[in-house]
2 protein chains.
Amino acid sequence: MQPLTGFRDFLPAACAERNYIFAKWRAVARRYGFVEYDGPLLEELDLYKKKSGDEIVRQLYEFVDKGERAVALRPEMTPTLARIIVANHRNFRKPLKWFSIPQVFRYERPQRGRLREHFQLNCDIVGESSIEADAELIALAIDVVRAFGFRANDFVVRISDREFWTELLKVEGVSPERWEEVLQTIDKSEREPRPKTRERLGGLAGPVFEILEKGGESAKLNAIMGNLRARGLSDFATVDVGIVRGLAYYTGVVFEVFDRAGKFRAIAGGGRYDQLIAQLSNDSVSLPALGFATGDVVLGEMIHDNVVALRELESSVGSDRNIDIYAVIAKEERRTSAICLIQQLRDSGYRVDYPLAPAKVPRQFQAAEQLGARTAILFGDEWPSVAVKSLASGGQQLVPHEELITHLAANR
Amino acid sequence: MQPLTGFRDFLPAACAERNYIFAKWRAVARRYGFVEYDGPLLEELDLYKKKSGDEIVRQLYEFVDKGERAVALRPEMTPTLARIIVANHRNFRKPLKWFSIPQVFRYERPQRGRLREHFQLNCDIVGESSIEADAELIALAIDVVRAFGFRANDFVVRISDREFWTELLKVEGVSPERWEEVLQTIDKSEREPRPKTRERLGGLAGPVFEILEKGGESAKLNAIMGNLRARGLSDFATVDVGIVRGLAYYTGVVFEVFDRAGKFRAIAGGGRYDQLIAQLSNDSVSLPALGFATGDVVLGEMIHDNVVALRELESSVGSDRNIDIYAVIAKEERRTSAICLIQQLRDSGYRVDYPLAPAKVPRQFQAAEQLGARTAILFGDEWPSVAVKSLASGGQQLVPHEELITHLAANR
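Note that this is a predicted model, so its numbers are computed, not measured.

Student: I'd like a rundown of the overall build of chain A, residues and numbers included.
Tutor: Along chain A, the regular secondary structure elements total 16 helices and 17 strands. In terms of overall dimensions, chain A is more spread out than a globule: its C-alpha atoms have a radius of gyration of 27 Å, far above the 22 Å expected for 412 residues. Within the span of chain A, comprising 412 residues, buried residues form 42% of the whole. Intrachain contacts of chain A at a sequence separation of at least 6 include 67% that bridge at least 24 residues.

In structure tokens, the structure reads:
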């Protein structure tokens, strides 16, 4: 009777939290001029085999469908976006600023902050190579986290540039086939004992550790930090060459968002992938692009760990689930009249519930409270009037039933 | 570069339509006091094998995962709901009124009104056996369709009771193993040449055709029609014994919603499944239940075929995607100041876009219009003032930059 390991049932309280997260994500992305799109949950396996890198391919939910197609549940959104862009980009003005809230799937060992499915906000800018686009995207990533009540002492964006590392690999003469493996080793070095990283890197260990220790600087990263300063967001960002990102397709600026206390996994991550669209279309379409994703699982853990963020969530989630009015049917012979009025109330936009079977009046008031109603309307001896009772104040007023809608609108 | 056959890419216009449909679904369900839940997209294969009936099982997207579990993409939501109820019902007051908007998957031949995936609104009432619950659910199904601008001459709910047929099967001494097959034949008889149905039914053809022709009546269905009349909804409903429903688990009142002109597939369908929860829990939990589902594909076709519904959709969809303000950077030396103000505008809740790279002013105004901005703000020679231009009226006003937010709020 339980869901599959790593999958979630969303009971009403959890579903309301999810709706709260999605609504904030949508609102912030739209403030930045992003428009929503979506793609299929199932794609051809090849879409991921070629571009996403070994780690993702090992964790794919893949199978052969009844039509003998090799398919996979999407493990991430960027390949789908790139495919959609290749097929449709001619119909859109550049740059595109698009967002999506896909559910994605990876067969991993479930652990804190990581399940086998989660929902992501994906935001991408396509068709713009200027560094201003990188700054705009990073500012959005910051504001997406700020929207939940987190402040500069709660989280930070660590910004880097893959070119630091690809330049080094070129200088050191590392063959391009080995790049992905080396980049993944550098990416993981922070979470791994130094001797282990040294062993994996071999002859490259010296220069890699030197860069990691002395840090890096570049005109590009300075420009981004300057731009964030103009926005008043520089307290949320720092340059950190240790950020490399696990995915294979990144080409330029990359970044990850972390909680300052280091208690959680990365909250968000992204960067430039200027070659992906060209690769996917066999060079028939070439568009620079960049994007980031942030997931609901780590975010949820962080919200529940932060007093301010949790208070904001709780006040919003309650009002989302509560009804407005409970119709108390005190006399069963008033049921038909009650149903007629309930329909009018609902047509006017009120959320209304009532007993579907005869019940004692105190039990009905109990239900009204549990459902979060602000008002109870009693259908009983007072008919053709009804008693309108405020469940907060306990105050009660007799209203002729044909004046009920007007009365409620005036006292809203 | 295309999605898999039977799957959809949701480009921004299509995604805005989907959001419009989901928002209406949520609003109406909440007006009826339903609260949202969700379940996993992937479930154990057994959950469907046992309960959903042969047709669904033949069309499952099923596979074995990397942990050797037989799993399936959900083809419908009711088995997941029943599983969640069995595991969690003790924490909730009865009756439960729950809704969900799952994406569901069936491997079928794609055709008009039917793809291999679609989104459904599912609404269920659990823990209530009174006929009032059936009426409440059918009223909700009607209001869900009405919400899109459809009227009583556009669609109708056809209501029946499986007990008409199961009583007949008992009287005729048909063995229970054959019931599902016979019920499916009756369900399909409307869309099939009569001789073919006669052949399938054999000795049952006589009594079945007799009921189909003379229609049926029962105290239960009369009560439902009376209840709908009290709500002012009886014009939207009719009794029709020909409705049987394809799924195996229905036990009582069943209904389907159709367009009156007969141009489309069923818009919605549902009914009572009082035994499913007991069956699934091996009788450890027994709760009466009923529900319906309506999908986005047929609904979308109907909206685009109806002038009133389409007008309502289009007015809502536009405002969903448009930005509020476009910042025109007429002088590049004002970019930093512009970015600072853009951040303040976004923080105040405005949707703002601007050129990520230097561009000629006329091109920027073109972008502003294409993005649906109502206002352009010019950063140029007038600095430290900005020119605030209404894109509708063409009217323009100089505003000191530090007064911009107040000015916009006053003129909102």
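Once you've had a look at it, read on.
Student: Lay out the pairing of strand E5 (residues 96–100) of chain A with the relevant residues and their values.
Tutor: Residues and elements named next belong to chain A. For E5, a buried count of 5 out of 5 residues is recorded, marking the element as mostly surrounded by other parts of the structure. Covered by surrounding structure in E5 are Leu 96, Trp 98 and Ser 100 together with Lys 97 and Phe 99, the residues of both alternating faces. Taken together, the 2 bridges between strand E1 (residues 35–36) and E5 define a ladder with parallel strand orientation. Of the residues in E5, the one forming a bridge with Glu 36 is Phe 99. In this structure, E5 lies alongside strand E7 (residues 117–126), joined through 5 bridges in antiparallel fashion.

Student: Describe the nonpolar core, listing the residues and the values that go with them.
Tutor: Core analysis: the biggest nonpolar cluster contains 176 residues, and Ile138(A), Ala141(A), Ile138(B) and Ala141(B) have the highest contact counts within it. Excluding anything up to four places from it in sequence, Ala141(B) contacts Val157(B), Val257(B), Ala268(B), Gly270(B) and Phe292(B).

Student: Before we move on, can you summarise helix H4 (residues 78–88) of chain B with the specific residues and values?
Tutor: Among the 11 residues that make up H4(B), 8 are buried, leaving the element largely enclosed by the rest of the structure. Three or more residues of H4(B) are buried, namely Thr78(B), Pro79(B), Thr80(B), Leu81(B), Ala82(B), Arg83(B), Ile84(B) and Ile85(B).

Student: Give me the lowdown on the sheet that holds strand E3 (residues 62–64) of chain B, citing residues and values where you can.
Tutor: Two orientations exist for strands paired in a sheet by backbone hydrogen bonds: parallel and antiparallel. Residues and elements named next belong to chain B. Strand order across the open sheet formed by 3 strands is E2-E4-E3, with antiparallel pairing between neighbours. Looking along the sheet, the strands with just one partner apiece sit at the ends: strand E2 (42–44) and E3. Averaged over all neighbouring strand pairs, the angle between strand axes comes to 35°, with direction disregarded. For E3 and strand E4 (residues 70–73), the ladder comprises 3 bridges, and the chain directions are antiparallel. When the bridges of E4 are listed, Glu 62 appears paired with Ala 72.

Student: So what about the environment of Leu371(B)? Which residues, and what values?
Tutor: The residue Leu371(B) is located in the loop between helix H15 (361–370) and strand E15 (375–379) in this model. Assessed through the 19 C-beta atoms surrounding it within 10 Å, Leu371(B) is described here as partly exposed. Through-space distance from the C-alpha of Leu371(B) to that of Val171(B) is 67 Å; in sequence the pair is 200 residues apart. Residues within four places of Leu371(B) in sequence aside, it is in contact with Gly33(A), Asn322(B), Ile323(B), Tyr326(B) and Asp353(B).

Student: If you had to explain the environment of Met302(A) to someone new, which residues and values would you point to?
Tutor: Residues and elements named next belong to chain A. Examined against the element boundaries, Met 302 turns out to sit in helix H12 (residues 296–304). Linking Met 302 and Lys 263, residues 39 residues apart in sequence, is a C-alpha distance of 8.9 Å. Setting aside residues up to four positions removed in sequence, Met 302 forms contacts with Asp 259, Phe 264, Ile 267 and Ala 309.

Student: Account for the packing of helix H1 (residues 12–31) of chain A against helix H13 (residues 307–321) of chain A, with residues named and values stated.
Tutor: All names here are of chain A. In the contact formed by H1 and H13, the axes pass within 9 Å of each other and the chain directions differ by 115°. Here H1 is positioned roughly perpendicular relative to H13, judged by the angle of their axes. When you trace H1 past H13, the crossing you get is right-handed. Of the residues in H13, those in contact with Pro 12, Ala 16, Glu 17, Asn 19 and Tyr 20 of H1 are Leu 313, Ser 316, Val 317, Asp 320 and Arg 321.

Student: Provide a residue-level description of the sheet that holds strand E13 (residues 325–329) of chain B, including the pertinent values.
Tutor: Residues and elements named next belong to chain B. Reading across the sheet, the 5 strands line up as E14-E13-E15-E16-E17 and stay open at both edges, with mixed pairing between neighbours. The open sheet has two edge strands with one neighbour each: strand E14 (352–353) and strand E17 (396–400). Pairing of strand E16 (residues 385–390) with E17, which is carried by 5 bridges, proceeds in the antiparallel orientation. Residue pairing for E17: Val 386 is matched across the bridge by Val 399.

Student: Provide a residue-level description of the pairing of E15(B), including the pertinent values.
Tutor: Residue and element names in this part refer to chain B. Burial analysis of E15 places 5 of its 5 residues in the buried class, the great majority of the element. Alternating positions in E15 separate into two faces, Thr 375, Ile 377 and Phe 379 on one and Ala 376 and Leu 378 on the other, with burial throughout. Strand direction decides the pairing type here: E13 and E15, joined by 5 bridges, are parallel. Looking at the pairing, Ile 325 lines up with Thr 375 of E15. Pairing geometry for E15 and E16, over 4 bridges, is antiparallel. Looking across to E16, one finds that Ile 377 is bridged to Val 388.

Student: Provide a residue-level description of unusual backbone geometry, including the pertinent values.
Tutor: Both trends apply: most residues other than glycine have a negative phi, and most peptide bonds are in trans. Looking along the chain, the bond that leaves Lys94(A) and enters Pro95(A) is cis, with omega of -5°. Topologically, Pro95(A) is positioned in the loop between helix H4 (78–88) and E5. Here the residue pair Trp383(B) and Pro384(B) is connected by a cis peptide bond, since its omega of 15° sits within 30 degrees of zero. Inspection of the secondary structure assignment puts Pro384(B) in the loop between E15 and E16. Located in the positive-phi region is Glu68(A), a residue other than glycine, with phi close to 65°. With respect to the helices, strands and loops of the structure, Glu68(A) is situated in the loop between strand E3 (62–64) and strand E4 (70–73). Positive phi values are uncommon outside glycine, yet Asn282(B) reaches one of about 50°. For Asn282(B), the position within the fold is in the loop between helix H11 (276–280) and strand E12 (289–295). The exposure class assigned to Asn282(B) is exposed, which follows from the 8 C-beta atoms found within 10 Å.

Student: Which residues make up the interface of chain B and chain A, and what are the values?
Tutor: As a measure of interface size, the accessible area lost when the parts come together is often cited. Contact with chain B, which involves 67 residues of that partner, is made by 68 residues of chain A. Considering only residue class, the side of chain B that touches chain A consists of 33 nonpolar, 13 polar and 21 charged.

Student: How would you sum up the domain arrangement of chain A? Please name residues and give values.
Tutor: Domains assigned within chain A are domain 1 (12–316) and domain 2 (323–410). On a C-alpha basis, the centres of domain 1 of chain A and domain 2 of chain A stand 51 Å from each other.

Student: Before we move on, could you go through the relation of the copies chain B and chain A and cite the residues and values that matter?
Tutor: With an RMSD of 0.0 Å, the operation that places chain B on chain A is a rotation of 180° combined with a shift of 0.0 Å along the axis. Both chain copies can therefore be described as sitting about a two-fold axis. Taking C-alpha positions as reference, the residue of chain B nearest the rotation axis is Phe63(B), located at 3.1 Å.

What counts, and at which threshold
Residues numbered from 1 in each chain as written. Chains lettered and ligands numbered in written order. Predicted model: local features only at pLDDT ≥ 70, side-chain atom pairs only at ≥ 80, totals over all residues. Helix = DSSP H or I, 4+ residues; strand = E, 2+ residues; numbered from the N terminus. Rg over C-alpha atoms; globule rule 2.2 N^0.38 Å. Buried ≥ 20, exposed ≤ 12 C-beta atoms within 10 Å, placed from the backbone. Contact = placed C-beta atoms within 7 Å. Pairing = 2+ DSSP bridges. Core = buried A, V, L, I, M, F, W, Y, C linked by C-beta atoms within 7 Å. Axes fitted to C-alpha atoms, helices over the stretch in contact; angles between N-to-C directions. Parallel < 35°, antiparallel > 145°, perpendicular 65-115°, else oblique. Left-handed = near helix turned anticlockwise from the far one by under 90°. Nonpolar A, V, L, I, M, F, W, Y, C, P; charged D, E, K, R; others polar. Domains from an automatic or database assignment. Least-squares fit on C-alpha atoms with pLDDT ≥ 70 in both.

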